[in-house]
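The lines below spell out each chain.
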Amino acid sequence: MPTRRQQQQAEYYFSLLNDEAKAAQLCGVRPNAIMDENYALDPEKCRKLIPHGIGHLCQFASSHPLKPEQLRDFILDLQKWLRDNTPGGIPVAPQEEAISGIAARGATVFPQHLGSACSWNPDLIRRKNEAAAESLHKIGGVLALSPMIDLCSSAHWSRMEESFGADPCLTAVLGCAFVEGMSSRGITATIKHFAGYGSPNDDDRGFFEDMLMPHEAAIRLAGAKAVMPGYHSWHEVPCVANGELLQKILRDILGFEGLVISDYGAVRRMIGSYAADEADAAAKSLLNGNDADLPDPDVFMRLPELLESGLVSREAFDAAVMRTLIFKAEAGLLEDAPVFAPAGAIDLNLPEHQKIAREMAEQSIVLLKNDGILPLDFYGKKILLAGPNANSVQALLGDYTYQSLSSFWWHLPIDANCPELITLEAGLRSILPENAELFVERGCDWDDVGEVELDTNGDPRLAHLSNHDRGAEVFPEPDRERALKLASSSDVIIAAVGENILLCGEGRKRQGIRLPGKQEEFVRELTATGKPVILVIFGGRPQVIGDLAQRCAAVVQAFFPGQAGGSAVADLLAGKVNFSAKLCVPAAADEEEKEILYPFGFGLSYNSYDYRDAVISGADNTVTLTVANTGSRSGTEIVQLYLDGKLKGFGRVALEAGESRRIQFKLFPELTVRWVSESERWRTVPGDHRVEIGASSQDIRQTVNWHIDGEPVSMAGRRIFSAEFLELC
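Residues numbered from 1 in each chain as written. Predicted model: local features only at pLDDT ≥ 70, side-chain atom pairs only at ≥ 80, totals over all residues. Heavy atoms only, no water.

Enquirer: Would you take a moment to explain the pattern of salt bridges for this structure?
Expert: Charged atoms that come close allow side chains of opposite charge to pair. All told, the structure shown has 51 salt bridges when counted by the stated rule. Through salt bridges with shared partners, one network takes in Arg-268, Glu-278, Asp-298, Arg-302 and Glu-305. (Salt bridge = Lys/Arg side-chain N within 4 Å of Asp/Glu carboxyl O.)

Shown next as structure tokens:
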């Protein structure tokens, strides 16, 4: 809720605006549209495009090569121009992507969401987003267009990498940590995509019980203040104009009071299918609960004429404007002397942020198989590093990083030194003993990126995008024969395979989810040499690897691990750091995803862990058990609690070699609730429930029965989404 002062600020500025200026507050503009050829503010373009002001500055940091100080100064120039030349002089709200950190030149690149979720570490997610929010503030931003908290059940969807995975409980906990981290540093996070994007959403019970859970948690527990509907439809109505979704469910059932902003181009995309023209699209979207049309100031600038004709109500129009102004007041933009960004030199990759990126990478990389070859003793060894991701920075970069956005959409070259992007080759060379030899020969390439199909179901610019492979790295032609010759004379082979930024991400669509191109065939040839092969898989989803799991001595899933990814993989392989990550999505054995190779929650360590003596107390609904490290190294076990087969709690337990610890999960009857569509309420389920605790969804170590007495309890909304985890001693 806004403070009294913030409410008064919003009301004051509202009183200064005519209808055109009000409509402008519900629109966005891209920085490139008001820049000159040198990326400086162009006042003449401003006078033509945003004469009445503007609500949002869209993706303000990722579409140009400006350095942080130049970007900050551009924002200050724009804010001054708006103050001096538009009705009310209302500042714009700069917004940017923040999935892997702020998408700005020089900013710390953290692991992509799908990898970071494998840490099962909300504390680390919170710290990462505190760091990202601090960076966004330095360059004048107030709104992060993240987190994506859609549940992604199929690796065939190229945006799976942006998600925290397939599980509602894990996504809810990590999504809350993301929002809390941002808001603790004064930045508003945008939860998206509301709701049911990326997976089939035609089952209402599954929709309410699972797909809504992360959104409800972020709103009720973390206080999320901005929501973005997706490009998709629900009940056959586009989400950006879906009153049942945005008004009845979001505002009435979930109690959301904040700002709803469209996904980029989503309002215009309705024209020809759900709306007759711009005016019809604007009216249907606003009247059904969408407050802002991004990223261009055209469709919603039709609203004043729709007011005059009676096609849009004054009440709905003014309510959207007030929500926008309240958001700006809460962001500090409507103060008498707002500080849009601090002065001085700007470092968007501070040492403490680099440390978080490194720690997150180490906790995000999953060991899937180890026949005993790891940890690898490099002493005196001849090592071949092969595969297309052996020395590529693209192996590190997920979609919505600055590098990916600026390369894919704007055709800018990737700078591997701003910040420093540590490839796997660089990471290995940094730890090699003097008597070890590292040979690098990629041996094969990725798939032919020129044949990657553009998926035009997202951002409307995809329909017109061309030359989308420009900005990628350039390597010499891979020499397959040389790679196989080196393999035969090496002691061990590390095969770095998978995807790059052109093969996974929004708008990038390739056939199937096997390793792209001829990578699988190449690795099979490497294993045929008889030398042990350590397979390291990079990319934005679990990829089908055929029989390579049996052929390779070890399999490591690295996803897109961020700027420190090469160092993190190297240290994990060498045993300088112990593996602790566990999969946040299952890895399929086949492209139909019918058979699972590695289940949800699975991940190996250099240790083994013992679970014992689980007991449940009916008096206070707690499950207590002992977890012991039976290995010879210190390590961290991620203990998972499943209630009637669904994840309902987890905790990271750090243990020294030989150490054991009592841990406890506190259960709540609310964890059993089911959605009752007839009453549109939640209801607990008394009776007997099976509580399973284990190392993965398929590796259950302890089981207890939990009985809930009494009658079902009905409630309007959920407030408990996971069991409370405690370490006792």
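Alright, that's what it looks like, and here's the rest.
Enquirer: What should I look at first to understand the packing of helix H8 (residues 204-211) against helix H9 (residues 213-220) in this one?
Expert: The description of two packed helices rests on the angle between their axes and on the distance between the axes. Across the interface, H8 lies against H9 with an axial gap of 5 Å and an inter-helix angle of 40 degrees. Classed by the angle they form, the pair H8 and H9 counts as oblique. Side by side, H8 and H9 meet where Phe-208, Glu-209, Asp-210 and Met-211 of the first sit next to Met-213, Pro-214 and His-215 of the second. Partitioned by chemical class, the residues of the contact of H8 with H9 number 4 nonpolar, 1 polar and 2 charged. (Axes fitted to C-alpha atoms, helices over the stretch in contact; angles between N-to-C directions. Helix = DSSP H or I, 4+ residues; strand = E, 2+ residues; numbered from the N terminus. Parallel < 35°, antiparallel > 145°, perpendicular 65-115°, else oblique. Contact = heavy atoms within 4.5 Å. Nonpolar A, V, L, I, M, F, W, Y, C, P; charged D, E, K, R; others polar.)

Enquirer: Looking at this structure, I do not really get helix H18 (residues 519-527). What am I missing?
Expert: Working note: α-helix, 3.6 residues per turn, so residues spaced by three or four point in the same direction. When we look at burial in H18, the residues that qualify are Gln-519, Glu-520, Phe-522, Val-523, Leu-526 and Thr-527. Along the long axis of H18, the arc covered by the buried residues comes to 160 degrees, so they all point the same way. The elements touched by buried residues of H18 are strand E11 (382-386), helix H17 (480-489), strand E14 (492-498), strand E16 (533-538) and helix H19 (548-551). (Buried < 20%, exposed > 50% of the residue type's maximum accessible area, 1.4 Å probe, protein only. Arc of directions from axis to C-beta.)

Enquirer: So what exactly am I meant to see when it comes to the sheet that holds strand E22 (residues 635-643) here?
Expert: Adjacent strands of a sheet pair through backbone hydrogen bonds, lying either parallel or antiparallel. Strand order in the open sheet made by the 4 strands is E23-E22-E27-E28, with antiparallel pairing throughout. Looking at which strands have only one partner, the edges of the open sheet turn out to be strand E23 (646-655) and strand E28 (699-708). Averaged over all neighbouring strand pairs, the angle between strand axes comes to 20 degrees, with direction disregarded. Alignment of E22 against strand E27 (residues 687-696), held across 4 bridges, turns out to be antiparallel. Paired with Gln-640 across the strands is Gly-694, a residue of E27. (Pairing = 2+ DSSP bridges.)

Enquirer: I tried to follow the packing of helix H1 (residues 4-15) against helix H13 (residues 314-330) on my own but got confused; where do I start?
Expert: Running from N to C, H1 and H13 cross one another at 130 degrees; their axes reach a closest spacing of 8 Å. What the angle tells us is that H1 and H13 run oblique. Considering how the two elements wind past one another, H1 and H13 form a crossing that is right-handed. Counted together, Gln-6, Gln-7, Gln-9, Ala-10, Glu-11, Tyr-13 and Phe-14 of H1 and Asp-318, Val-321, Met-322, Leu-325, Ile-326, Ala-329 and Glu-330 of H13 form the full contact between these two elements. Taken together, the residues that form the contact of H1 with H13 break down as 8 nonpolar, 3 polar and 3 charged. (Left-handed = near helix turned anticlockwise from the far one by under 90°.)

Enquirer: It is not clear to me how the nonpolar core should be interpreted in this structure. Could you clarify?
Expert: Residues Ile-139, Phe-194, Ile-249, Leu-526 and Leu-535 are the most contacted members of the largest nonpolar core, which totals 178 residues. Counting residues per element, this core draws most heavily on helix H7 (residues 168-183), which supplies 9 residues. What Leu-535 contacts, discounting residues up to four positions off in sequence, is Ala-495, Val-497, Val-523, Ile-545, Leu-548, Cys-552, Ala-554, Val-555 and Val-556. By size, the runner-up hydrophobic cluster in this structure holds 37 residues, among which are Ile-365, Leu-424, Ala-496 and Phe-538. (Core = buried A, V, L, I, M, F, W, Y, C linked by side-chain atoms within 4.5 Å.)

Enquirer: I'm lost on unusual backbone geometry in this one. Help?
Expert: Note on backbone geometry: most residues besides glycine have negative phi, and most peptide bonds are trans. The linkage connecting Ser-146 with the following residue, Pro-147, adopts the cis geometry, with an omega of 15 degrees. Along the chain, Cys-418 connects to Pro-419 via a cis peptide bond; the corresponding omega equals 0 degrees. Secondary-structure assignment places Pro-419 in the loop between helix H15 (402-408) and helix H16 (424-429). The phi dihedral of His-235 is positive, around 55 degrees, even though this residue is not glycine. The topology assignment puts His-235 in the loop between strand E7 (233-234) and strand E8 (237-238).

Enquirer: Mind showing me how you'd approach the pairing of E27 here?
Expert: Remark: a regular strand shows side chains that alternate across the two faces of the sheet. The element E27 is largely enclosed, with a buried count of 8 among its 10 residues. Here E27 pairs with E28 via 9 bridges, running antiparallel. Across the sheet, residue Val-691 finds its bridge partner in E28, namely Val-704. The antiparallel pairing of E27 with E28 creates a hairpin that spans 2 residues between the two strands.

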